[in-house]
Amino acid sequence: MIGDDRGGGRGDADLSQERWGACCPRHSDDVDERGEWAAYDVFSWTGMGPERHGSFAEKMHDFYAGFHALDRPRCETQREWDAKVEDARLASLHGEVEGPLAVFAQAARFGRDRASFLHFQMRTLLREEDDDPFYRLLTNSDTWPWTLDEDLFAAQALPLLFTAHERARRFGTGSTIQFLRDRGPQRVKHLIGRYQARRKEPGFRLCFGNPEFDAAAHAALDAGGEAWPRLRDALVHWRPLHEDHLAPIALLADPRAARLITPERGRELLATRRG
């Protein structure tokens with residue numbers, strides 16, 4: 001009911017704004033150059049502040065992507081994203097950086113797990129190590145169209161995760177390794193245990209990839225002041241271990257390589273034609 005002067009009541013528009021205000025707060029000055037209002041999500045169970053979307057259309061697109069990520073319908077949208085991901089993978093191997101990063105990020109929003117893993121590899125060399133997708137990728141349904149190759153995970157990702165685990169232990173925080181040990185599927189626990197046993201063997205040495213690249217990279221890291229140019233030149237010997245292998249991320253499990261590969265140098269490696 002619309003309020004009148006006698007009751008000092010509030011109209012439907014006022015009540016509607018109050019009702020939805022907790023979900024989609026509005027700010028009178030949050031309008032873009034096209035006159036589009038920003039839209040906000042607030043979910044009480046997250047304990048976080050409002051999440052801003054540039055427009056209502058952007059908010060709806062985010063929901064649309066989220067529904068695809070949850071339901072994973074076998075439809076034309078997903079097939080289109082899978083084709084874009086494959087094109088972006090090839091472009092990345094040819095030395096493109098920004099285009100593939102954008103495609104992988106968007107495809108991951110639509111639940112394309114292969115894109116999440118490819119995106120992770122690029123972000124790792126760019127030193128954007130804020131999170132990793134492995135618990136979800138290693139515990140997904142066997143009926144999903146893509147699964148992470150376990151040999152590739154063990155060869156390239158496990159060394160990184162163990163390095164992060166050791167760092168987390170020093171600071172008393174949790175890690176992906178601990179999470180997978182506690183809650184991961186048995187096959188993943190087996191991979192972790194097998195790799196941990198190898199690390200304890202006398203003479204254990206990190207393996208960075210295919211034999212030619214591994215030998216060249218180790219020689220480069222032993223070269224002192226010439227380490228970076230020699231490591232950069234060693235990339236000519238790199239070959240992917242699997243069709244989902246995009247970059248030599250295992251390098252960053254070695255503290256010498258981790259010191260050498262700055263975000264700028266990581267981008268330089270990604271901008272180099274590989275494989």
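Just so you know, these numbers come straight off a predicted model, no measurement behind them.

Some remarks on the overall build of the protein chain
- Of regular secondary structure, the protein chain possesses 13 helices and two strands.
- Every one of the 275 residues in the protein chain was classed for burial, and the buried ones make up 39%.
- Looking at the protein chain alone, contacts between residues at least 24 apart form 55% of all its contacts between residues at least 6 apart.

Side note on the confidence of the model for the protein chain
- Here the protein chain shows a mean pLDDT of 84. Residues at 70 or above account for 79%.
- In the predicted structure, residues 1–23 sits below a pLDDT of 50 and forms 15 contacts with residues beyond four places in sequence or in another chain.

With respect to the packing of aromatic side chains
- Following the criterion strictly, the structure yields six aromatic pairs and no others.
- Geometrically, the ring pair formed by Trp81 and Phe110 is tilted, given 5.3 Å between the ring centres and 35° between the ring planes. Pair noted here: Trp81 is in helix H3 (residues 76–93) and Phe110 is in the loop between helix H4 (98–109) and helix H5 (113–125), with a separation of 29 residues, a long-range link. This pair shows no difference in class: Trp81 is buried, exactly as Phe110 is.

Observations concerning H4
- Taking 1.5 Å of rise per residue, the twelve residues of H4 would be expected to cover 16 Å, and the 17 Å separating its terminal C-alpha atoms lies within 8% of that figure.
- Those residues of H4 that sit buried are Pro100, Leu101, Phe104 and Ala107. Burial along H4 is one-sided: seen end-on, the buried residues are contained in an arc of 140°.
- Packing partners of the buried residues in H4 comprise H3 and H5.

Details of unusual backbone geometry
- One non-glycine residue, Arg127, lies in positive phi territory at about 65°.
- Note on placement: Arg127 falls in the loop between H5 and helix H6 (134–138).

Quick notes on the rules
Residues numbered from 1 in each chain as written. Predicted model: local features only at pLDDT ≥ 70, side-chain atom pairs only at ≥ 80, totals over all residues. Heavy atoms only, no water. Helix = DSSP H or I, 4+ residues; strand = E, 2+ residues; numbered from the N terminus. Buried < 20%, exposed > 50% of the residue type's maximum accessible area, 1.4 Å probe, protein only. Contact = heavy atoms within 4.5 Å. pLDDT = per-residue confidence, 0-100. Phe/Tyr/Trp six-rings, centres within 6.5 Å; stacked < 30°, edge-to-face > 60°. Expected span 1.5 Å × (residues − 1). Arc of directions from axis to C-beta.

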